[in-house]
Structure formats: C-alpha cells, structure tokens
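# An overview of the molecular structure
Spelled out from the first residue to the last, the chains are:
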Amino acid sequence: VDIPDEDFADQPAAGVNSPAWIVGHLAVVADMGARLLGGRMEFGDDWRMSFGPGSVPSPDRSSYPTKEELLGAFEKASSRLRSAAAVAEPDRLDAPQPTKFFKAELPTVGDFAAHILTTHQMLHLGQLSTWRRVKGLGSVLGI
C-alpha cells in the first residue's frame, strides 16, 4: 500500500472511511469470521471498539496503530480466516449464523463466512480505491 502512514487517518470528505479504519475493520471482521468457523479471536476489545461493526472512523492519526501494524493484523487475521474456512466441517457451515447482521440474507455460518471472505472485503477495498482517487493517487491498477 503506497499510502504514507501519516495519511492513514485522513478523511478527505465527510463520511469517507479512512485507510486506517478500512484495514483495521477488515482485520477485525476476519478475526470474527475465523471464530465463527471454529478458530480463535486474537483482537481485544480495544480493536473491536475502534474497528468493529458500528465503529466510527476517527480523523486522529494517533488513535490508530501504525500502518505496518494494521497491514500485519489484516494479513494475519485473513490468513486465520482462510485456514479456518478450508477445514470447517459441514455441520458448522450449515449452522445458523449467530450474529445480528444479515440474518435473512446470510442465514448460515457458511453463508456469512463466504460474505466475509468475498463481498465484505470487496466493498471496503472499493472504499479504499475511492479514497485513493479522491486524494489524487490514481488507480490501484495503474490504468
């Protein structure tokens, strides 16, 4: 990610999620997804309060871990989620998902895990791409 650490909490317009919040949120949700699939959660309440569902991005850069820490947390949590998904038993995947989110649309743990692994990440990575464009950094694809 070519965004400077000092810019990671920038919100160039009202309601725009910052890179720090996006990466932290993706890490926390991957952590929660790993737990749904039988793995363990590694993030504490401080991370869940800062980045969990319903959290609000802060423009204060000092309220977030460093860019390196955020990216490392995202990589580790995503890896745990993928590993848990690869070995999840059919009974677990077919079980009702226990969260309050998208109960009708994603009724099983497997449905919810698939969302976390795909559409949830794409939604927020799209936000990061838009953030880059607004800041004048251009396309992540270089086109």
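What you see is a predicted model; the values in this text were computed from it and never measured.

Under the defined criterion, the tally for this structure stands at three aromatic pairs. Taking 4.6 Å as the distance between ring centres and 20° as the angle between the ring planes, the aromatic pair formed by F43 and W47 counts as stacked. Take F43 and W47: they sit in the same class, and that class is buried. Each residue in the set F43, W47, F51 and Y64 is aromatic and connected to the rest through ring pairs, giving one cluster.

The calculated volume of the largest pocket comes to roughly 330 Å³. Lining the largest pocket we find 16 residues, and of these M32, P53, T99, F101 and F112 sit closest to its centre. Among the secondary structure elements, those contributing two or more residues to the lining of the largest pocket are helix 1 (19-36) and helix 5 (109-117). Considering every element that reaches the lining of the largest pocket, the biggest residue donor is helix 1, with five residues. Quantified by volume, the second largest pocket comes out at close to 180 Å³. Every residue along the wall of the second largest pocket is listed here: V1, I22, V23, L26, L71, F74, L125, L128, S129 and V140. Of all the elements in the fold, those that place two or more residues in the lining of the second largest pocket are helix 1, helix 3 (67-87) and helix 6 (119-134). Taken together, the residues that form the lining of the second largest pocket break down as nine nonpolar, one polar and no charged.

Basis of the calculations
Residues numbered from 1 in each chain as written. Predicted model: local features only at pLDDT ≥ 70, side-chain atom pairs only at ≥ 80, totals over all residues. Heavy atoms only, no water. Phe/Tyr/Trp six-rings, centres within 6.5 Å; stacked < 30°, edge-to-face > 60°. Buried < 20%, exposed > 50% of the residue type's maximum accessible area, 1.4 Å probe, protein only. 1 Å grid on protein atoms, 1.4 Å probe; cavity = no way out; pocket = protein on both sides within 12 Å on 5 of 7 lines; lining within 4 Å. Points joined across faces, edges and corners; volume = space filled by probe spheres on them. Helix = DSSP H or I, 4+ residues; strand = E, 2+ residues; numbered from the N terminus. Nonpolar A, V, L, I, M, F, W, Y, C, P; charged D, E, K, R; others polar.

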